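# What the coordinates show
Okay, here's what each chain looks like letter by letter:
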There are 4 protein chains.
Amino acid sequence: MPKIDVAIIGASGYTGLELIKILINHPHFTIRYIATSEGGVSASELHPSLACVFEQDVQKADAKEVAKHATLAFLALPHKAAMGFAKELLDLHVKVVDLSADYRLELEAYEKHYCEHEDKEHLSEAVYGLPEIHKARIQNARLIANPGCYPTASILGILPFLPYLNKEAPIFIDAKSGVSGAGKKLTPTAHFVAINENMFAYNPLKHRHEPEIAEKLRQISAHAFEVNFIPHLLPLTRGMLVSSYLQTDETIDAKAVLRAYYADATFVRVRETPVEIKATAGTNFCDIFVTQKGKSLFVSSAIDNLLRGASSQAVVNANLMCGLDETAGIPMIAYVP
Amino acid sequence: MPKIDVAIIGASGYTGLELIKILINHPHFTIRYIATSEGGVSASELHPSLACVFEQDVQKADAKEVAKHATLAFLALPHKAAMGFAKELLDLHVKVVDLSADYRLELEAYEKHYCEHEDKEHLSEAVYGLPEIHKARIQNARLIANPGCYPTASILGILPFLPYLNKEAPIFIDAKSGVSGAGKKLTPTAHFVAINENMFAYNPLKHRHEPEIAEKLRQISAHAFEVNFIPHLLPLTRGMLVSSYLQTDETIDAKAVLRAYYADATFVRVRETPVEIKATAGTNFCDIFVTQKGKSLFVSSAIDNLLRGASSQAVVNANLMCGLDETAGIPMIAYVP
Amino acid sequence: MPKIDVAIIGASGYTGLELIKILINHPHFTIRYIATSEGGVSASELHPSLACVFEQDVQKADAKEVAKHATLAFLALPHKAAMGFAKELLDLHVKVVDLSADYRLELEAYEKHYCEHEDKEHLSEAVYGLPEIHKARIQNARLIANPGCYPTASILGILPFLPYLNKEAPIFIDAKSGVSGAGKKLTPTAHFVAINENMFAYNPLKHRHEPEIAEKLRQISAHAFEVNFIPHLLPLTRGMLVSSYLQTDETIDAKAVLRAYYADATFVRVRETPVEIKATAGTNFCDIFVTQKGKSLFVSSAIDNLLRGASSQAVVNANLMCGLDETAGIPMIAYVP
Amino acid sequence: MPKIDVAIIGASGYTGLELIKILINHPHFTIRYIATSEGGVSASELHPSLACVFEQDVQKADAKEVAKHATLAFLALPHKAAMGFAKELLDLHVKVVDLSADYRLELEAYEKHYCEHEDKEHLSEAVYGLPEIHKARIQNARLIANPGCYPTASILGILPFLPYLNKEAPIFIDAKSGVSGAGKKLTPTAHFVAINENMFAYNPLKHRHEPEIAEKLRQISAHAFEVNFIPHLLPLTRGMLVSSYLQTDETIDAKAVLRAYYADATFVRVRETPVEIKATAGTNFCDIFVTQKGKSLFVSSAIDNLLRGASSQAVVNANLMCGLDETAGIPMIAYVP
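### A word on the overall build of chain A
- Counting secondary structure elements, chain A contains twelve helices and 15 strands.
- Its C-alpha radius of gyration of 19 Å places chain A within 12% of the 20 Å reference for a compact globule of 337 residues.
- Burial analysis of chain A (337 residues in total) assigns 60% to the buried set.
- For chain A, long-range pairs separated by at least 24 residues make up 70% of all intrachain contacts whose partners lie at least 6 apart in sequence.

And the structure:
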């Protein structure tokens, strides 16, 4: 089987690095083009841990150059910047997996929570890249909106219980993320002294992943649940733990529902004891645990925020778009211990 | 004013150490007797950080000896061991602040969640030592049941909103504690490698602090709320963050309710931005923040689990029992940075 | 005894905060004036952990205002800025404890490693504020050069062995500091993700504390030892561990030499087992351990970099300058656990 | 090329897990037998992070069973237990890579620092498995003594400079290891609260890796250098940083010597800036940096203590013993960020 040439646009951040790390050893993809907004360095100058492993030159990002070298591009860019590139690439017949928020939401919600949308043309054809719900559509897509990290862990945890939920009851999602989720930017809360031995909520009930979660749950269930999403910052580098508090209409056997729902899932592991962040760090797995007291459910889901919450899920989507096995090249062995 | 002689029984653990640290510099209390189950060491052999600061001999715990030397004793013992001592001390006319769970619950609840109660005689006179709700009773008490760390942070967060809560709606409490909360014992989850760069729930919906919270809320509100309590272990040493998810009957101005409720509180700080564990570490403060979306509230409360959640709250109780100012000797300056 | 009015210039950083925390409860000093380069905030806006504890207004720093309110000023300013203030304050008859590097070195060394010196007039009268070596001079000083954190821990460790050292052998100092040592500034190496689960040397053999250590050892011993100083950054917030590798001329009983040297020291604890950072965190203690193999010595010294390495040592110096007991108000109880 | 069947004896610890993680994806080795002293579980029961990835049954260790299934065995056992197995396996014609200390030292040194040797017969044929010095001998060996983690990082850092060292001067090695180096055992120093926000030396000048380093340096250089080895425990999970302090006879160009020595090395990366633990975590690389002041050298080397310091180096040795490319299946992509 011939190799498929791919491009990474936005190689300087954490998700760009994770894409490189996955694609270096991918059995069917070859990194043919790699770019940042500046270019002019080598990959190992950007990321010294890649020395002696991956030394390719990094270009100044240019869509036409991408189209010359690759048939699929991963965009690890900030929102707004991403849609500019995506539009141009799609017109040049390059498939796109966009890791930003630009194609995740319906137009109105996007413009309310982010900014004016500059590629309305392609917005409607974008497929939300959560393989557990849209596998067939992903296989036929040209443009994937790769889900946010919080929505991935939240939706996968809540999904099996949607048919049983009390429609009048609010959903509470208490989410906890490692600091890598905030990116490489130097901000006061990412200073070691600020977050080490500390924890706090941020943007409670106002985070932009709240409308993403609410919209997807509404699309799936045809009911507009009240979603209350509270993210917290954790004193650790990578990984995410999401606690969802749900109320059902009737008493169900929550463990059985969860097991049945994910009986055939490739990248969801149902756990009998509370999930741990570390068992998923370094992998594309989402681990899920549920317990209940009567009609009140506690669902705990864990992912690697940079992998299942970004880069490895992006490669799963790319695998599906290219007719490959979804597991091809996907990391499954955790950073444990 | 003459000094009041006090004793510490159970000096080897973290809360015992915190009691020593507070009482060394207390303006009115003098540590006259200090004991462990073994004795035969000095305080700085037990806790090397006390070298050159506090070198008193540590005795093998004996209630009669306590009674000879002290008028008030702090019990930093495991549950069950504590009630044996408390009983004897009270009969010898020594006042007791018990940091264990032995006198916190009504008899039936205690025996369901812990073990048979061996001091039913004094159980009914014990006062639950949360000064924000029982100040006057504490001032007249001989026996204080010092609250658990999780109940302290949870109840203080929920208290102002109790009159407004939807009685049909469950309360969800997502609590996060540093590892010191689990004590010095060598357990697999306290191993550095197990919890560093990790986080997980434990005993979800089954922790023994759940009935403590539920009972106190019921006693105050005269309604048996459904309380769902899920504790998590955090990769940090000290401090606790508790997120409470509440539903009100009508839309209230939650920030105004919170501010009004604690307008005169000495050891509760109402915050305008989400609370941080570190701003309370090393102090007796409970910091509280609230925000809301319609009738759904998110309350975030932070304490130092070893101080407000144990030892400094115990000394506040002792202050009140002895007619002192409640702030006497109480730590208020945080371990920041 | 009447209170002595003091000022803190440079209240926004970590050492400024530590000065406030110590002076709030100091028995003889009163904070009468507190300033930053901007002013116009309250102390608890600068440092939210001070809410309900210390709410004083923070001024825009002005030497004349200092002189109206205080007889002694602590300067917690960057080097260069400090000497400008110090000069003006001394001319206004205000005593100065300068926490910067501006008066620590002889002129030539200062100008080689920092910048041109703008207060040569007072440089010669400045006393290097390490009480273990200059107590009497500190008591009579108007201007104290408060030692750097690395030099404090290094010199105190090496001092007892100076008379025994092989003059031809280089001294190697392998020093490790928590991230708070680098200050609040947002830098790539202080980003949580950069230093968490990591450690590395920085400025090896080129750090500006190397000439400070070398100069002081030379002044004391009248021999210019070759000092090789290698600092490392540690993934923890506060505290410092310094390993000194020494060679003696003859075989000595290093433990006995160490014990004898510090037999009467107030703030040095000689340890029989390797020292730990945490037992000194929150205190002014320097803990020291030594072991040897023949003529090769390993000396391990630990301090709190922000306290013994800056703010509490500054207050000890101020105590001595004002004829107070050196222990007045000095923190001695560690942040353990 | 047919797969080579291998066995892992001692699968429950960290190095056992790392062996599994490497061998799962190895292109030429197949794990045919896996055992602990107890057996009777599955691999994912031992290590929950392996769920859905590697579910093989774990046996009660038995040498004869190993010989039926595998041609090469990795022993991840405590010292003493290892030599019992190794002896039996060699007699059954199974090649052995022993990760314990049992075959690393000459007889006298072993018995002085460990215990009586019970397999003197094979001790003399064991090859010390540091590929940078013994590649050819490893290729022909039946029994490999896999080096200790500290010796690996120390020797690789010092090796290039051995010909230039002052033979009279002591070597000082200040080594720092993450907590995983101490294994899974529950010990007071591995308790999260004991080591978090802390650091300390342990067994200074008395650690059993000191004679291992000294012996290997002596064998290579034909001179018995005085080696002073001081290990420290770091508050992080994996990785090791070793600072070596050396003195040369003449002034050399240390950077040039280092670069030249490792010009063709596969798994040593010479760095121009001080090395970082994290850039090696998850890989078999040893990163090395050197700087100097006259004849005094500072060499800083970093490895992943569980990989280059144990399991991945073991697989490199196995590759060489089996005539494979030394890089086959060896992890080279770091756990960054």
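### Describing the interface of chain D and chain A
- Counting residues at the interface gives 22 residues for chain D, matched by 21 residues for chain A.
- Among the elements that make up the side of chain D that touches chain A, the one with the highest residue count is helix α1 (residues 14–24) of chain D (four residues).
- Looking at the side of chain D that touches chain A residue by residue, the class counts come to 14 nonpolar, four polar and four charged.

### Comments concerning the sheet that holds strand β2 (residues 29–36) of chain C
Residues and elements named next belong to chain C.
- The strand order β3-β4-β2-β1-β5-β6-β8-β7 describes an open sheet built from eight strands, whose pairing is mixed. Either end of the sheet is taken by a strand with one partner, and the two such strands are β3 (41–42) and β7 (127–128).
- With four bridges connecting them, strand β5 (residues 72–75) and strand β6 (residues 95–98) associate as parallel partners. Within the sheet, the bridge partner assigned to Leu72 lies in β6 and is Lys95.
- Where helix α1 (residues 14–24) meets the sheet, it contacts β1 (4–9), β2 and β5, and its direction lies at approximately 160° from that of β1.
- Helix α12 (residues 311–321) contacts β5, β6 and β8 (143–145) of the sheet and is inclined by roughly 155° relative to β6.

### A few points about the relation of the copies chain D and chain A
- Structural alignment of chain D on chain A gives an RMSD of 0.0 Å, achieved by rotating through 180° and translating 0.0 Å along the axis. Such a combination of turn and shift is consistent with a two-fold rotation axis. Across chain D, the rotation axis passes nearest the C-alpha of D:Tyr335, at a separation of 3.7 Å.
- Of the residues that chain D buries at the interface, 95% are likewise interface residues in chain A, meaning the two copies contact each other through the same surface.

### Here's the deal with the relation of the copies chain B and chain A
- Screw-axis analysis of chain B against chain A gives a translation of 0.0 Å along the axis, an RMSD of 0.0 Å, and a rotation angle of 180°.
- Counting the interface residues of chain B, we find that 100% of their copies in chain A are interface residues as well, pointing to one common contact surface.

### A closer look at the interface of chain B and chain A
- The partner chain A presents 35 residues to the 35 residues of chain B that form the contact.
- Listed by contribution, the elements that provide at least two residues to the side of chain B that touches chain A are β9 (171–177), β10 (200–201), β11 (227–233), β12 (240–247), β14 (286–293) and β15 (296–303) of chain B.
- Ranked by residue count, the leading element in the side of chain B that touches chain A is β12(B), at four residues.

### Some thoughts on the pairing of strand β14 (residues 286–293) of chain A
All names here are of chain A.
- Within β14, seven of the eight residues are buried, which leaves it mostly tucked inside the rest of the structure.
- Note that strand β13 (residues 268–270) and β14 share three bridges and pair parallel. Counted as the bridge partner of Val270 is Ile288 from β14.
- Where β14 lies against strand β15 (residues 296–303), seven bridges are found, and the strand directions are antiparallel. By the bridge assignment, Asp287 is partnered in β15 with Ala302.
- As consecutive antiparallel partners, β14 and β15 are separated by two residues, and within that stretch Gly294 has a phi angle of approximately 60°, a positive value.

### Here's the deal with the packing of helix α8 (residues 149–158) of chain D against helix α10 (residues 209–221) of chain D
Residues and elements named next belong to chain D.
- Running from amino to carboxyl end, α8 crosses α10 at an angle of 35°, the nearest separation of the two axes being 9 Å. Like other packed secondary-structure pairs, α8 and α10 cross with a definite hand, here right-handed. Note on element contacts: α10 touches α8 through His209, Glu212, Ile213, Lys216 and Leu217, opposite Tyr150, Pro151, Ser154, Ile155 and Ile158.

### Concerning the packing of helix α1 (residues 14–24) of chain B against helix α12 (residues 311–321) of chain B
Residues and elements named next belong to chain B.
- For the pair α1 and α12, interaxial distance at closest approach is 8 Å and the crossing angle is 50°. The angle between the axes of α1 and α12 places the two elements in the oblique class. By crossing handedness, the relation of α1 to α12 is classed as right-handed. On α12, the residues touching Thr15, Glu18, Leu19 and Ile22 of α1 are Ser311, Ser312, Ala314 and Val315.
- Split by residue class, the contact of α1 with α12 holds four nonpolar, three polar and one charged.

### Concerning the domain arrangement of chain A
All names here are of chain A.
- Along its sequence, chain A is organised into domain 1 (4–146 + 310–321) and domain 2 (150–303).
- With centres defined by C-alpha atoms, the gap from domain 1 to domain 2 works out at 25 Å.
- Each partner contributes residues to the interface: domain 1 has 16 residues there, and domain 2 has 16 residues.
- Breaking the side of domain 1 that touches domain 2 down by element, the ones donating at least two residues are α5 (107–113), α7 (131–139) and α12 (311–321).
- It is α12 that provides the largest number of residues to the side of domain 1 that touches domain 2, a total of three residues.

### Things to note about the confidence of the model for chain A
- Across chain A, the average pLDDT comes to 97, with 100% of residues at 70 or higher.
- Among the scores for the predicted complex, ipTM is 0.97 and pTM is 0.98.

### Observations regarding the pairing of β15(B)
Residue and element names in this part refer to chain B.
- For β15, a buried count of eight out of eight residues is recorded, marking the element as mostly surrounded by other parts of the structure.
- Every second residue of β15 is oriented toward a common face, with Ser296, Phe298, Ser300 and Ala302 on one face and Leu297, Val299, Ser301 and Ile303 on the other, all of them buried.
- In the sheet, β12 pairs with β15 via eight bridges, with the strands oriented antiparallel. Bridged to Ser244 within β15 is Val299.

### Some words on the environment of A:Ala256
- Mapped onto the secondary structure, A:Ala256 falls in helix α11 (residues 254–261).
- The spacing of A:Ala256 and A:Gln56 is 200 residues in sequence and 49 Å in space, taken between C-alpha atoms.

### Some details on unusual backbone geometry
- In this structure, A:Pro337 follows A:Val336 across a cis peptide bond, with omega equal to 0°.
- Secondary-structure assignment places A:Pro337 in the segment after α12.
- Even without being a glycine, B:Ala222 presents a positive backbone phi close to 60°.
- Its place among the elements puts B:Ala222 in the loop between α10 (209–221) and β11.
- Exposure remark for B:Ala222: the 8 C-beta atoms within 10 Å place this residue in the exposed category.

### Observations regarding the sheet that holds β13(A)
Residue and element names in this part refer to chain A.
- The sheet built from seven strands is open, its strands ordered β10-β11-β9-β12-β15-β14-β13 with mixed pairing. With partners counted over all chains shown, the strands left at the sheet margins are β10 (200–201) and β13, one partner each.
- In the packing of helix α8 (residues 149–158) onto the sheet, the strands contacted are β9 (171–177), β11 (227–233), β12 (240–247), β13, β14 and β15, and the crossing angle to β12 comes to about 40°.
- Its contacts with the sheet put α11 on β13, β14 and β15, and the angle it makes with β14 is roughly 155°.

### Topic: helix α4 (residues 81–91) of chain C
Residue and element names in this part refer to chain C.
- Within α4, burial applies to Ala82, Met83, Phe85, Ala86, Leu89 and Leu90. All buried residues of α4 fall inside an arc of 160° around its axis, so they share one side.
- In this structure, the buried residues of α4 make contact with β1, α3 (63–69), β5, β6, α6 (120–123) and β8.
- Directly beyond the C-terminal end of α4, a positive phi value near 65° is found at His93.

### Details of the environment of B:Val193
- The topology assignment puts B:Val193 in helix α9 (residues 192–195).
- Taking C-alpha positions, B:Val193 is 40 Å from B:Arg32, a pair spaced 161 residues apart along the chain.

Rules used throughout
Residues numbered from 1 in each chain as written. Chains lettered and ligands numbered in written order. Predicted model: local features only at pLDDT ≥ 70, side-chain atom pairs only at ≥ 80, totals over all residues. Helix = DSSP H or I, 4+ residues; strand = E, 2+ residues; numbered from the N terminus. Rg over C-alpha atoms; globule rule 2.2 N^0.38 Å. Buried ≥ 20, exposed ≤ 12 C-beta atoms within 10 Å, placed from the backbone. Contact = placed C-beta atoms within 7 Å. Nonpolar A, V, L, I, M, F, W, Y, C, P; charged D, E, K, R; others polar. Pairing = 2+ DSSP bridges. Axes fitted to C-alpha atoms, helices over the stretch in contact; angles between N-to-C directions. Least-squares fit on C-alpha atoms with pLDDT ≥ 70 in both. Left-handed = near helix turned anticlockwise from the far one by under 90°. Parallel < 35°, antiparallel > 145°, perpendicular 65-115°, else oblique. Domains from an automatic or database assignment. pLDDT = per-residue confidence, 0-100. Arc of directions from axis to C-beta.

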